[in-house]
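# Tertiary structure, described
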Amino acid sequence: MIIGLTGGIATGKSTVSRMLAERGAHIIDADKVAREVVEPHTEGWHRIRVRFGEEVFHPDGTLDRQALGARVFRNAEARETLNRLLHPLIVERMQKLTEQRRKCDPDGIVIWDTPLLIEGNLTKSVEKVIVVYVPESLQLQRLMARDGLSEEEARRRVASQLPIEVKKRFADFLIDNSGSLAETERQVDQIWKLLNSKNGYDRR
Ligand SMILES: CC(C)(COP(=O)(O)OP(=O)(O)OC[C@H]1O[C@@H](n2cnc3c(N)ncnc32)[C@H](O)[C@@H]1O)[C@@H](O)C(=O)NCCC(=O)NCCS
Ligand SMILES: Nc1ncnc2c1ncn2[C@@H]1O[C@H](COP(=O)(O)OP(=O)(O)OP(=O)(O)O)[C@@H](O)[C@H]1O
């Protein structure tokens with residue numbers, strides 16, 4: 001079973017995926033995969049070099065994520081170009097990792113921790129969708145604190161994704177992560193029970 005876990009930037013996907021992993025889920029992290037597909041001399045690395053040029057690379061050839069981020073979070077056209085170049089590679093790798101996992105654990109629950117699950121039209125690849133949300137003011141606060149961003153930079157990143165209120169409409173399960181971690185754990189427990197119960201969850 002593949003479950004999509006999404007939300008807005010810094011609403012708490014990694015926090016929830018850690019809790020799900022502690023309960024036995026296998027996590028496939030799209031942000032991590034997105035780093036793998038641009039490692040030096042891979043297909044993704046070549047694609048970015050051709051389209052964005054040497055100025056978004058460090059002298060040692062690794063991707064300068066800050067420089068590329070500054071471009072794509074300011075400019076929707078550049079962001080769409082980057083998405084077009086990388087998303088097929090990211091999805092292909094996630095599918096491969098899922099297949100590998102399925103071979104050694106056919107009945108296990110695989111979580112696709114993916115910020116752009118809805119923007120990238122990936123809901124069709126998963127059986128159920130979990131959306132982790134917080135109010136936008138708290139999202140900005142947590143994003144600035146975690147990544148040391150200015151309010152303007154944080155707002156730009158939030159604005160580069162679908163509004164969380166829209167994402168919530170795609171959810172089979174909602175997690176309100178605006179309270180304590182213990183409150184989030186309780187919601188994760190309930191969802192985990194439903195996902196594992198033959199009666200409460202229809203395994204198609
Ligand atoms: C632009 C890049 C180089 C910036 O790197 P940086 O290390 O600063 O950020 P990181 O990759 O850790 O992403 C942090 C968060 O930004 C958001 N984000 C990343 N890429 C995008 C995007 N294309 N559109 C909207 N939001 C995005 C996500 O919420 C993500 O969790 C990097 O995010 C990237 O390569 N993005 C394109 C690939 C992608 O779409 N990744 C998202 C997962 S599919
Ligand atoms: N319930 C909570 N109470 C307080 N802080 C929290 C809570 N949940 C998450 N945080 C903090 O908020 C920040 C964002 O959470 P997290 O990194 O899990 O978000 P994310 O959705 O995975 O982010 P990204 O989209 O960038 O991958 C982190 O610094 C995390 O420690």
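Residues numbered from 1 in each chain as written. Chains lettered and ligands numbered in written order. Predicted model: local features only at pLDDT ≥ 70, side-chain atom pairs only at ≥ 80, totals over all residues. Heavy atoms only, no water.

Further remarks concern the UniProt feature "binding site: ATP" (unreviewed entry) in the protein chain. When the UniProt feature table is mapped onto this chain numbering, "binding site: ATP" (unreviewed entry) sits at Ala10, Thr11, Gly12, Lys13, Ser14 and Thr15. Owing to a relative accessible area of 14%, Ala10 belongs among the buried residues under this scheme. Not counting residues up to four positions away in its chain, the partners in contact with Ala10 are Gln139, Arg142, Leu143 and Arg146. In this structure, Gly12 sits in the loop between β1 (2–7) and α1 (13–22). (UniProt positions renumbered as here; feature names shortened; annotations may be inferred. Buried < 20%, exposed > 50% of the residue type's maximum accessible area, 1.4 Å probe, protein only. Contact = heavy atoms within 4.5 Å. Helix = DSSP H or I, 4+ residues; strand = E, 2+ residues; numbered from the N terminus.)

So, on to the site of ligand 1. The immediate surroundings of ligand 1 are formed by 19 residues, with Asp31, Arg65, Asn83, His87 and Gln161 found nearest. One of the side-chain N or O atoms of Asp31 is found 2.6 Å from an oxygen atom in ligand 1. Within the contact set of ligand 1, an oxygen atom lies 2.8 Å away from a side-chain nitrogen or oxygen of Gln161. Alone, ligand 1 offers 770 Å² of accessible surface; in the complex the protein occludes 91% of this. Breaking the shell around ligand 1 down by element, the ones donating at least two residues are α2 (30–36), α4 (65–72) and α5 (76–104). Considering each element in turn, the shell around ligand 1 owes the most residues, five residues, to α5. For the shell around ligand 1, a count of residues per class yields nine nonpolar, five polar and five charged. The two domains that each donate at least three residues to the shell around ligand 1 are domain 1 (1–25 + 109–198) and domain 2 (31–102). (Near = heavy atom within 4 Å. Polar contact = N/O pair within 3.5 Å; in protein donor to acceptor, adjacent residues only side chain to side chain. Areas by Shrake-Rupley, 256 points an atom, 1.4 Å probe, with all protein chains shown as cover. Nonpolar A, V, L, I, M, F, W, Y, C, P; charged D, E, K, R; others polar. Domains from an automatic or database assignment.)

Before going further, it helps to examine the side chain of Ser160. Inspection of the secondary structure puts Ser160 in the loop between α7 (151–159) and α8 (164–168). In this structure the side chain of Ser160 is engaged in a polar contact, spanning 2.7 Å, whose partner is the backbone oxygen of Arg157. The contact partners of Ser160, leaving out residues within four places of it in the chain, are Phe73 and Arg79.

Turning to the site of ligand 2, a few remarks are in order. Neighbouring ligand 2 are 15 residues, the closest being Lys13, Ser14, Thr15, Arg146 and Asn177. Between ligand 2 and Ala10, the relevant distance is 3.1 Å, taken from an oxygen atom to a main-chain nitrogen or oxygen of the residue. The separation between a nitrogen atom of ligand 2 and a polar side-chain atom of Arg142 is 3.2 Å. Starting from 640 Å² of accessible surface for ligand 2 in isolation, the protein chains cover 76%. Residue assignment for the shell around ligand 2 shows that the elements contributing at least two residues are α1 and α6 (136–147). Broken down by element, the residue count for the shell around ligand 2 peaks at three residues, all from α1. Classifying every residue of the shell around ligand 2 by side-chain character gives three nonpolar, eight polar and four charged.

Further remarks concern the packing of aromatic side chains. The final tally for this structure, using the stated rule, is one aromatic pair. Across the ring face of Phe57, the terminal group of Arg49 is positioned such that the distance to the ring centre comes to 4.6 Å. Taking NZ or CZ as reference, Arg51 lies 5.5 Å from the ring centre of Phe52, over its face. (Phe/Tyr/Trp six-rings, centres within 6.5 Å; stacked < 30°, edge-to-face > 60°. Lys NZ or Arg CZ within 6 Å of the ring centre and 35° of its normal.)

On to the packing of helix α3 (residues 43–52) against α5. Close contact between α3 and α5 brings their axes to 10 Å; oriented N to C, the two are set at 160°. With respect to α5, the element α3 is oriented roughly antiparallel. For the crossing formed where α3 meets α5, the hand is right-handed. Facing Glu43, Gly44, Arg47, Ile48, Arg51 and Phe52 of α3, the residues of α5 in contact are Ala78, Thr81, Leu82, Leu85, Leu86 and Leu89. Broken down by class, the residue content of the contact of α3 with α5 amounts to seven nonpolar, two polar and three charged. (Axes fitted to C-alpha atoms, helices over the stretch in contact; angles between N-to-C directions. Parallel < 35°, antiparallel > 145°, perpendicular 65-115°, else oblique. Left-handed = near helix turned anticlockwise from the far one by under 90°.)

This brings us to empty space enclosed by the protein. Scanning all chains against the criterion turns up one cavity of 30 Å³ or more. Space inside the largest cavity adds up to approximately 30 Å³. Forming the boundary of the largest cavity are Gly24, Ala25, His26, Arg101, Asp105, Gly108, Ile109 and Val110. Across the lining of the largest cavity, the residue classes tally to three nonpolar, three polar and two charged. (1 Å grid on protein atoms, 1.4 Å probe; cavity = no way out; pocket = protein on both sides within 12 Å on 5 of 7 lines; lining within 4 Å. Points joined across faces, edges and corners; volume = space filled by probe spheres on them.)

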